[in-house]
Amino acid sequence: MARINQNFLKLSGGYLFPEIGRRVRAFSAQNPPKKLIRLGIGDVTQPLAPAVVEAMVKASREMGEKETFRGYCEETCCAYDFLRFAIRDSYKDWGVDIADDEIFVSDGAKSDCGSIGDIFSVDNVVAICDPVYPVYVDTNAMAGRAGEYNGEKWTRLVYLPCTEENGFFPELPEGQAPDLIYLCSPNNPTGAAATKEQLKVWVDYANAHGSVILFDSAYEAFISQPGIPHSIFEVAGAKTCAIEFRSFSKSAGFTGTRCAYTVIPKELEREGASLNALWSRRQGTKFNGVPYVVQRAAEAVFTPEGKAQTRVAIDYYLNNAKVIKEGLTAAGLTVYGGVNAPYLWVRTPGELPSWDFFDLLLTKACVVTTPGAGFGPSGEGYIRVTAFGDADATVEAVERIVSVI
């Protein structure tokens, strides 16, 4: 008889966002006339930039001609040179030199953040920020690195609290050093962005203990303040201890188009093995690359026209964030984030549990948010609100929230 991976049975309930979807569907079924405003799941609403669309159309036509048709992508790292070179050159804007064969194009940062564990032993100790993007936790639980879930925490994970007291940035853990350390900046869900000095502490720590930092930089494009690094490789020493995940999903509206990339420096080795080579082997075995049409679309993001046009969308979302932050703050709520990130981390009123506040806003204001408890123990007492909605709907959502608190 076939045996299953028992680790899946340890997962508590469903993934956070499907559970939100279940509650929303149940409410909508009972209240069909009510118009919902969705500020929960971080899905974009603005269309793709014209330069991106033009590139996709042109590439689609090429796929319809025998002379320009493309099959499997057999180039380095399952990615065409034109995209890897564009990504490589973009790092120069931040004074970072990376080689094109250190860039691995994929269908999403979520996929890579979850799959990177394939090249690491199941015995590794994993540290996660708390609150945290659930994918980091659940995929390690599926692999068997998380231990047992005790109703609040996983027994083998090292939790790094990110609270108001420490500015939502984790402090170094005491005791045994973790082997794998997930960091995310700008952060999902809190919206906090780390300074170079803060990241330097972790880089030095990782190099001293042989740890590897798994750095999720999916929201880099939303950094608006000076002094905030756009890449962990701006920090001296990071190339020997860090892997960086980046995405076109939020920066260029590719949530439905699907394209991202992971950077693994060739200097990064553990136990005498190149992590770049291990990931290349993994991807070559399990992945056949992102479609040619999509890679051409991603390339267009780096053109002068693409940069200008995608910036318009980013500024649109950042203005939404400003509207939410100012409106909820004026109403007496404590709000963090929303400056260097499209997420706002809102303290619930009167110590109301986060799922209760979620339900209140859903049923009374018809606004969908995300309960902080779904991001980990330290997320209790907060909700996450996204700035990815329509501008007019965002204004209305703030008015509705204010009316029920």
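Each remark here, short or long, concerns the structure printed above.
Because the structure is a prediction, the values reported are computed rather than measured.

Colleague: Sorry, what's going on with the packing of helix 9 (residues 304-330) against helix 11 (residues 391-404) here?
Modeller: Helix-helix packing is characterised by the crossing angle of the two axes and by the distance between the axes. At a minimum axis separation of 10 Å, helix 9 and helix 11 run at an interaxial angle of 15 degrees. When the axis of helix 9 is compared with that of helix 11, the two are roughly parallel. The chirality of how helix 9 crosses helix 11 is right-handed. Across from Tyr316, Asn320, Val323, Ile324, Gly327 and Leu328 in helix 9, the residues of helix 11 making contact are Ala391, Thr394, Val395, Val398, Ile401 and Val402. For the contact of helix 9 with helix 11, the per-class residue count stands at 9 nonpolar, 3 polar and no charged.

Colleague: Would you take a moment to explain the pattern of salt bridges for this structure?
Modeller: Close approach of charged atoms lets side chains of opposite charge pair. Evaluation of the coordinates by the stated rule reveals 20 salt bridges. For arginine 282, the salt bridge is made with aspartate 118, and the minimal N-O distance between the two is 3.0 Å. In this pair, arginine 282 is assigned in helix 7 (residues 275-286) and aspartate 118 in the loop between helix 4 (109-115) and strand 3 (126-130), connecting sequence segments 164 residues apart. Of the residues examined, arginine 282 reaches a relative accessible area of 17% and is grouped as buried. Since its relative accessible area comes to 42%, aspartate 118 is described here as partly exposed.

Colleague: How should I be thinking about the sheet that holds strand 8 (residues 260-263) in this particular structure?
Modeller: Backbone-to-backbone hydrogen bonds join strands into a sheet, with any given pair of strands oriented parallel or antiparallel. If you trace the 7 strands from one edge of the open sheet to the other, you get 2-8-7-6-5-3-4, paired in mixed fashion. Every interior strand has two partners, whereas the edge strands, strand 2 (103-106) and strand 4 (158-161), have only one. Along the sheet, successive strands turn relative to each other by an average axial angle of 20 degrees, direction set aside. Inspection of the sheet shows strand 6 (residues 212-216) paired to strand 7 (residues 242-247) by 4 bridges, in the parallel sense. Bridged to isoleucine 213 within strand 7 is alanine 242.

Colleague: Would you mind showing me how to read helix 8 (residues 292-301) here?
Modeller: Because the α-helix completes a turn every 3.6 residues, residues three or four places apart line up on one side. Burial of helix 8 is extensive: 8 of the 10 residues sit out of reach of the surface. Among the residues making up helix 8, those that are buried are Tyr292, Val293, Val294, Gln295, Ala297, Ala298, Ala300 and Val301. Contact partners of the buried residues in helix 8: helix 2 (50-63), helix 3 (81-90) and helix 9.

Colleague: How do you make sense of the sheet that holds strand 15 (residues 382-386) when you look at a structure like this?
Modeller: One open sheet holds the 4 strands; their spatial order is 11-12-15-14, and the pairing between them is antiparallel. One side of each edge strand has no neighbouring strand; the edge strands of this open sheet are strand 11 (335-337) and strand 14 (370-371). Of the pairings in the sheet, the one linking strand 12 (residues 343-347) to strand 15 comprises 5 bridges and is antiparallel in character. For valine 346, the partnering residue across the bridge sits in strand 15 and is isoleucine 383.

Colleague: What's the story with the pairing of strand 7 in this structure? I'm lost.
Modeller: Across a regular strand the side chains alternate sides, sitting on one face of the sheet and then on the other. Most of strand 7 sits inside the fold, with 6 of its 6 residues counted as buried. Alternating residues of strand 7 divide into Ala242, Glu244 and Arg246 and Ile243, Phe245 and Ser247, and every residue in both groups is buried. Here strand 7 runs beside strand 8; their pairing, made up of 4 bridges, is antiparallel. Its bridge partner lying in strand 8, serine 247 is registered against alanine 260.

What counts, and where the lines are drawn
- Every residue gets a number counted from 1 within its own chain, in the order that chain's sequence is written.
- The model is predicted, so local features are restricted to residues of pLDDT at least 70 and side-chain atom pairs to those at 80 or more, both for listing and for counting; the totals for chains, interfaces and linings are taken over all residues.
- To get the side-chain values, all heavy atoms of the structure are used, and hydrogens and water are removed first.
- Only C-alpha atoms enter the line fits that serve as axes; for helices the fit covers just the stretch in contact. Angles between N-to-C directions range over 0 to 180 degrees.
- Each helix is a run of DSSP H or I of at least 4 residues and each strand a run of E of at least 2, with the numbering of both proceeding from the N terminus.
- What sets the label is the angle itself: under 35 degrees gives roughly parallel, over 145 gives roughly antiparallel, 65 to 115 gives roughly perpendicular, and the rest give oblique.
- Handedness of each helix crossing follows the sense of rotation of the near helix against the far helix: counterclockwise by less than a right angle gives left-handed, clockwise gives right-handed.
- What makes two residues a contact is simply this: any of their non-hydrogen atoms within 4.5 Å.
- Classes in brief: Ala, Val, Leu, Ile, Met, Phe, Trp, Tyr, Cys and Pro nonpolar; Asp, Glu, Lys and Arg charged; the others, Gly included, polar.
- For this document, the term salt bridge refers to a Lys or Arg side-chain nitrogen within 4 Å of an Asp or Glu carboxyl oxygen.
- Exposed residues in this analysis have more than 50% of their type's maximum accessible area, buried residues have under 20%, and partly exposed residues fall in between, with area computed by a 1.4 Å probe over protein chains only.
- The pairing criterion is simple: DSSP has to find at least two bridges between the two strands.

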